[in-house]
Amino acid sequence: MRLFDHPESSNALKVRFLLHELNLEHTLVPMSLGGDSAPRGDHPSPFGLIPVLDDDGFVLTESNTILRYVADRERRDDLYPRDPRERARVDERMDALSFQVRGALWPAEVDARHGDVSPAHLADLERALDGFEMLIADNGTCTGTFSIADCAAAGRLCHLGELPLDLGRWPKITRLLTELTTRPAFVRALGGALPPGA
Ligand SMILES: N[C@@H](CCC(=O)N[C@@H](CS)C(=O)NCC(=O)O)C(=O)O
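A quick note: this is a predicted structure, and the numbers were derived from the prediction, not measured.

On to unusual backbone geometry. For the bond running from Ile50 to Pro51, omega is 10°, close enough to zero to count as cis. Here Pro51 is to be found in the loop between strand 2 (27-30) and strand 3 (52-55). A positive phi is found at Arg75, a non-glycine position, where the angle reads about 55°. Relative to the helices and strands, Arg75 resides in the loop between helix 2 (63-73) and helix 3 (84-113).

As structure tokens, then:
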């Protein structure tokens, strides 16, 4: 397996976490970030985005799709259940991270890189985190047992501690982050170092 990757990509980190969790041998193909994301003939993604997985010629984009594919390929029903309701709960958390949390997180992260997070962006993010807090389990996982939703959550949220937020407002999210970012596979996916503030 080859993973087109960048060390700072949260979406690639989600996939690296799962590959390490499953001890799946893989080669990382370093890509650049910060391009124009326009489709390019020499890029494995039609959108010019990473991650992209190449599994013996089967080329797959979209980090959440890759997580689902890899768990299914390895027949890890514990990580991505077959039961329709249990599977829907995993999908629900992954979709909430992508469609409710990421949209609010990204502007705040961009602000933080420029040194000042706008109050409006912070308020949007706080609202999104309030919702995610209500959705998840209270035992340090998204659904009650470790699943691919947790790989998605770790990649998406591991830099939350770097933002000017009082994480005490979200005890379930705080526990989730503590459990996930200290998991050996996640530490390996990061290359051995925890991100600052994780
Ligand atoms: N929905 C896609 C989003 C992928 C995405 O936004 N990737 C970012 C890095 S996390 C990227 O490749 N950006 C292009 C660039 O910065 O050049 C997924 O989940 O895989």
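Structure shown, so let's carry the discussion forward.
A few words on the nonpolar core. One finds Leu129, Phe132, Ile148, Leu157, Leu160 and Ile173 to be the most contacted residues of the largest nonpolar core, which totals 52 residues. Put simply, the parts of the chain that give this core at least two residues each are helix 1 (10-21), helix 2, helix 3, helix 4 (119-135), helix 5 (148-157), helix 6 (171-181) and helix 7 (184-189). Composition of this core by domain shows at least three residues from each of domain 1 (2-73) and domain 2 (84-183). Setting aside anything within four residues of it in sequence, one finds Ile148 in contact with Leu18, Leu67, Arg68, Ala71, Leu79, Tyr80, Val90 and Met94. Judged by nonpolar contacts, the second largest core, of 5 residues, contains Phe4, Val29, Met31 and Ile50.

We now examine the domain arrangement of the chain. Partitioning the chain into structural domains gives domain 1 (2-73) and domain 2 (84-183). The gap between the C-alpha centroids of domain 1 and domain 2 is 21 Å. Every contact between the two is made by 12 residues of domain 1 and, on the other side, 17 residues of domain 2. Both sides together, the interface formed by domain 1 and domain 2 hides about 1,200 Å², and carbon and sulfur atoms give 56% of it. Here domain 1 and domain 2 share 6 residue pairs in polar contact (both at pLDDT 80 or more) between them.

A word on the environment of Leu79. By secondary structure assignment, the location of Leu79 is in the loop between helix 2 and helix 3. According to the relative accessible area criterion, Leu79 is buried, its value standing at 2%. If we skip the residues at most four places from it in the chain, Leu79 touches Leu18, Leu22, Ala71, Val90, Phe146, Ser147 and Ile148.

Calculation criteria
Residues numbered from 1 in each chain as written. Predicted model: local features only at pLDDT ≥ 70, side-chain atom pairs only at ≥ 80, totals over all residues. Heavy atoms only, no water. Helix = DSSP H or I, 4+ residues; strand = E, 2+ residues; numbered from the N terminus. Core = buried A, V, L, I, M, F, W, Y, C linked by side-chain atoms within 4.5 Å. Buried < 20%, exposed > 50% of the residue type's maximum accessible area, 1.4 Å probe, protein only. Domains from an automatic or database assignment. Contact = heavy atoms within 4.5 Å. Buried area = accessible area lost by both parts, 1.4 Å probe. Polar contact = N/O pair within 3.5 Å; in protein donor to acceptor, adjacent residues only side chain to side chain.

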